Amino acid sequence: MQRTIFHLDLDAFYCAVEELHNPDLRGQPFAVGGSPTRRGVVASCSYPARMFGVRSAMPMSRAVQLCPDLIIVRHSHDEYSAMSKRVMTILHDTTPFVEKLSIDEAFLDMSGFPGEPYDLAVGLQKRINEELELPCSLGVASNKLVAKIANNMGKARQRTGQPPNAIEVVPPGTEANYLAPLPIRELWGVGPKTAEKMHEMGIQTIGDIAAQKEKLLIDQFGKIGYDLHLRARGIDARPVVIERPTKSVSSEITFDVDVNDSDELKRSLRQQSENVGRRLRKSGLSGRTVQIKVRWEDFTTITRQSTFEQPSHNDHWIYETALDLFQHVWDGTRRIRLIGVGVSGFENAARQLSLWESDDSKQQRHVQNTLDDIRERFGDDSLQRGSDL
Amino acid sequence: MRVSVLQENLVRGLSIVNRAVNSRPTLPVLSNVLLATEDGRLKLSATDLELSISMWVGAKVEEDGSVTVPARTFYDLTSNLSPERIDMELNTRNQTINLQCGGTDTNLRGIPAEEFPLVPEADPNAKIVIPGEVLKHMISEVAFSAAREDNRPVLTGIYTNFSGNTLTMASADGFRLTVRKTTLDFEVGEELEIIIPARTLVEIEKIIDDEDEVFVSVPDGRNQIMFHMGDIDVISNLIEGSFPEYERIIPANHSTETFLYRDEFLRACKRSEIFARDNSNIARLRVEPSSDGGPGAVNVSAQSNEMGDNTSMIDATIEGTGVEISFNIRYLIDVLNVLRDDQILLETNTSSDPGVIRPLGRDEREQFLYVIMPMQVGQ
């Protein structure tokens, strides 16, 4: 059956949300992210800022060099998630087949909808533009691979300093021709190493890959060679996955300044643990493995984990385990740049309740549920531990 | 010792007393059965020091005496003899017993009876007398929910309470609780509260004849219970400790009453169990009252990541609000299997409160109640 897949991406999403709250930002070069003096990075930048060469994930200090008038706006993550939820609601209202990729990106399976795919895309874009005042771009094709590339291409065509709000349609049957002139790095699965090797082989465009003998690609690149040969011809049978099962829940923090203060590290571990615990409980998950991640000041990163018989999502359990793991790797002086906690090894979250649940554990669970409710309603910062003040 | 017995009487007796033989005995003599002449009968006894069973078999005693022989071997041998008279004679010098039956001649080496622990005898005039049928029915409905492992030994036992004319038995394994009561035809003088190993009662259930009268005594200071029925004595140690206060966990009220046909509900649960097996045995019950006053429905479902899923919709009369609640399906199957009643009542509150199952339309003297804790599942 002929499929119709949309790839939808909100244009400079964080910036667009900031502009809604502060219309003075419109048309200005600004970036959402951390402070340049403390090594923040650019999380999102406005289209006027992009005209100066500012890009996402760039160190803020570099962004300021490129664009001295750059306005720096602090992250307001809660508002981005709230807005993202509203976008996803509209998408789910359009079709039940929505695969959320990230806070601002999703695939939709629109196969079999009456009307021209282009008109459907215009209708959806208009709804998001008007109801939420957010710009968004769509790529439309017969599969996920081509839809996503089409969206990137459509946006790249508009270099005006304004949000692209683009729509790019690749009609069925023209996928291979559409991809042929594009550079190989546009193809999903071609990383820097593969690209370098391909360039050595004289392969520059996706069309060049498609023209190669399949066997040669398999000989050179193994299984990925086979996949790339298919993809280069615009073939991708992956379905739109409505819900992707979560494999792990983690939370980490990069310190503004490298830290070797034991109290601060412990506090941070506990905050990450509580954050992970709350998200687990919200998703009804329990895991058997607790993992910590530590990045030292020289950027080397280590992980350590510990696995238990029984799955849990209890904050205290996560924290105690994480702390124990941490105390085994930390000598008490080494400076730390990043610290994170994760829980994986999910088992059925089902928990057999006990007839004689000890009053302690009942109370602990009760307290945890109450805290979760308060944070859910009033935001993450609404509650703090006395020791954190 | 010189004694003659009928093969079928001996085999029946051995099949009963051998229940007390532990397959991994702590002393070699405990894998043996004691044979002893007593008042013109042959007494058979076996024990594992926790549970002892004795039975008296009609015999022709020509010379008194006693010996122990390997229980398993003796049973295997005698059950394969022809249904005739068995003549047994003990050679006391080498503790070997000679058996003659039809054309079969067997010599079986034993261990002297003196090495066998003393097995006390029950009081045949005990004051507590329970009809066999009543006790059997009670045990069949209460023993199943006792804990199997003994990390909390009291939970491997059946809480038993005689008070006034009421006998109460309760068992719990931490996730479910069964309370069974019966009204006796007499008053027990002083209240009696003990914990009997579930295993003892399960063995007794198998031994009792419906027509038997069971004489129960709990001698002072011995921490033992004695049952006497027909020609059989069962003596068991009691479990020391105190049973948890189970009355507290019986929900005082409920928001939904669901009336179900037991057989139909049981079959729906068994279908779900196939799919719940590799998913922590979880099955979900969705209780849906009808909106127009007609009968409602209960939706029983389970799913397996590998196999697929199963949903059964069964008719039910529902009073109260709709509820979705998950249970370990085995705990439901267990209780539905032991009940014989046509209809049952399921009482529920929220998805995290215990559910209660009661049989409907039964004799008021035979009360049954089952409390089952739900499983909590994420969204």
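This section reports on the structure supplied with the text. (Residues numbered from 1 in each chain as written. Chains lettered and ligands numbered in written order. Predicted model: local features only at pLDDT ≥ 70, side-chain atom pairs only at ≥ 80, totals over all residues. Heavy atoms only, no water.)

## Some remarks on the sheet that holds strand β3 (residues 42–45) of chain A
Each strand in a sheet pairs with its neighbour through backbone hydrogen bonds, running either in the same direction (parallel) or in the opposite one (antiparallel). Residues and elements named next belong to chain A. As a reminder, the rule being used: Strands were regarded as paired on the criterion that DSSP finds at least two bridges between them. Here a helix means four or more residues in a row that DSSP labels H or I, a strand means two or more in a row labelled E, and each is numbered from the N terminus. Axis lines are fitted through C-alpha atoms, for helices just across the contact stretch, and the angle between N-to-C directions can take any value from 0 to 180 degrees. Only heavy atoms matter for contacts: two residues are in contact if any of them lie within 4.5 Å across the pair.
Strand order in this open sheet of three strands is β3-β2-β4, and the pairing throughout is mixed. Of all strands in the sheet, those with a lone pairing partner are β3 and β4 (71–73), marking the two edges. Going across the sheet, the axis of each strand differs from the next one's by a mean of 30°, ignoring polarity. Along the sheet, helix α1 (residues 13–21) contacts β2 (30–33), β3 and β4; its crossing angle with β2, the most-contacted strand, is approximately 110°.

## Notes on unusual backbone geometry
Here Phe299(A), not a glycine, exhibits a phi torsion of approximately 75°, which is positive. Its location among the elements puts Phe299(A) in the loop between β10 (286–296) and β11 (301–312). The residue Leu49(B) is not glycine, and still its phi comes out positive at about 80°. Checked against the element boundaries, Leu49(B) lands in the loop between β3 (41–47) and β4 (51–58).

## Here's the deal with α1(A)
Selection criterion: Burial status follows relative accessibility: with a 1.4 Å probe on protein chains alone, a residue under 20% of its type maximum counts as buried, one over 50% as exposed, and anything between as partly exposed.
The element α1(A) is largely enclosed, with a buried count of seven among its nine residues. Turning to α1(A), its buried residues number three or more, namely Phe13(A), Tyr14(A), Cys15(A), Ala16(A), Val17(A), Glu18(A) and Glu19(A).

## Here we look at the sheet that holds strand β6 (residues 105–109) of chain A
All names here are of chain A. One open sheet holds the five strands; their spatial order is β5-β6-β1-β7-β8, and the pairing between them is mixed. The open sheet has two edge strands with one neighbour each: β5 (98–102) and β8 (167–169). In this sheet, neighbouring strand axes are inclined to one another by 15° on average, regardless of whether the strands run parallel or antiparallel. With four bridges connecting them, β5 and β6 associate as antiparallel partners. Each bridged residue has a counterpart across the sheet, and for Val-98 the counterpart in β6 is Leu-108.

## Some words on the pairing of strand β9 (residues 104–109) of chain B
Where strand β8 (residues 96–101) of chain B lies against β9(B), six bridges are found, and the strand directions are antiparallel. Within β9(B), the residue paired with Thr96(B) across the bridge is Arg109(B).

## Structural notes on the packing of aromatic side chains
All names here are of chain A. Test applied: Only Phe, Tyr and Trp rings are paired, with Trp represented by its six-membered ring, and only when their centres lie within 6.5 Å; those with planes under 30 degrees apart are stacked, over 60 edge-to-face, the remainder tilted. Either the NZ atom of lysine or the CZ atom of arginine qualifies as a charge over a ring when it sits within 6 Å of the ring centre and within 35 degrees of the ring normal.
Under the criterion given, the structure shown has nine aromatic pairs over all chains. Ring-pair connections join several aromatic residues into one group, and the members of that group are Phe-13, Tyr-14 and Tyr-80. A cation over a ring is seen here: Arg-238 above Trp-188, with NZ or CZ 5.1 Å from the ring centre. The lysine or arginine in question, Arg-270, covers the ring of Tyr-319, its NZ or CZ lying 5.7 Å from the ring centre.

## Regarding the environment of Phe52(A)
All names here are of chain A. Looking at where Phe-52 falls in the secondary structure, it is placed in the loop between α2 (47–50) and α3 (60–66). Exposure remark for Phe-52: the relative accessible area of 44% places this residue in the partly exposed category. Apart from residues no more than four positions distant in its own chain, Phe-52 is found in contact with Pro-29, Leu-66 and Cys-67.

## A word on the interface of chain B and chain A
Test applied: What gets called buried area is simply the loss in accessible area from a 1.4 Å probe that two parts show on being joined, summed for both. In the sections that follow, a salt bridge refers to a side-chain nitrogen of Lys or Arg positioned within 4 Å of a carboxyl oxygen of Asp or Glu. Any pair of N or O atoms that falls within 3.5 Å is considered a polar contact. Within protein, one atom must be able to donate a hydrogen and the other to accept it, and sequence-neighbouring residues count only if both atoms are side-chain atoms. Under this grouping Gly is polar, as are all residues other than the nonpolar Ala, Val, Leu, Ile, Met, Phe, Trp, Tyr, Cys and Pro and the charged Asp, Glu, Lys and Arg.
Across the contact, 24 residues belong to chain B and 14 residues belong to chain A. Buried area between chain B and chain A, summed over both chains or domains, comes out near 1,500 Å², and the portion from carbon and sulfur atoms is 59%. Summed over the shared surface of chain B and chain A, the number is zero salt bridges. Viewed at the interface, chain A and chain B are joined by four residue pairs in polar contact (both at pLDDT 80 or more). Contributions of two or more residues to the side of chain B that touches chain A are made by β12 (176–197) and β24 (375–376) of chain B. Along the lines of polarity and charge, the residues of the side of chain B that touches chain A split into 13 nonpolar, eight polar and three charged. Two elements, strand β13 (residues 351–352) of chain A and β24(B), share two bridges in a ladder whose sense is antiparallel.

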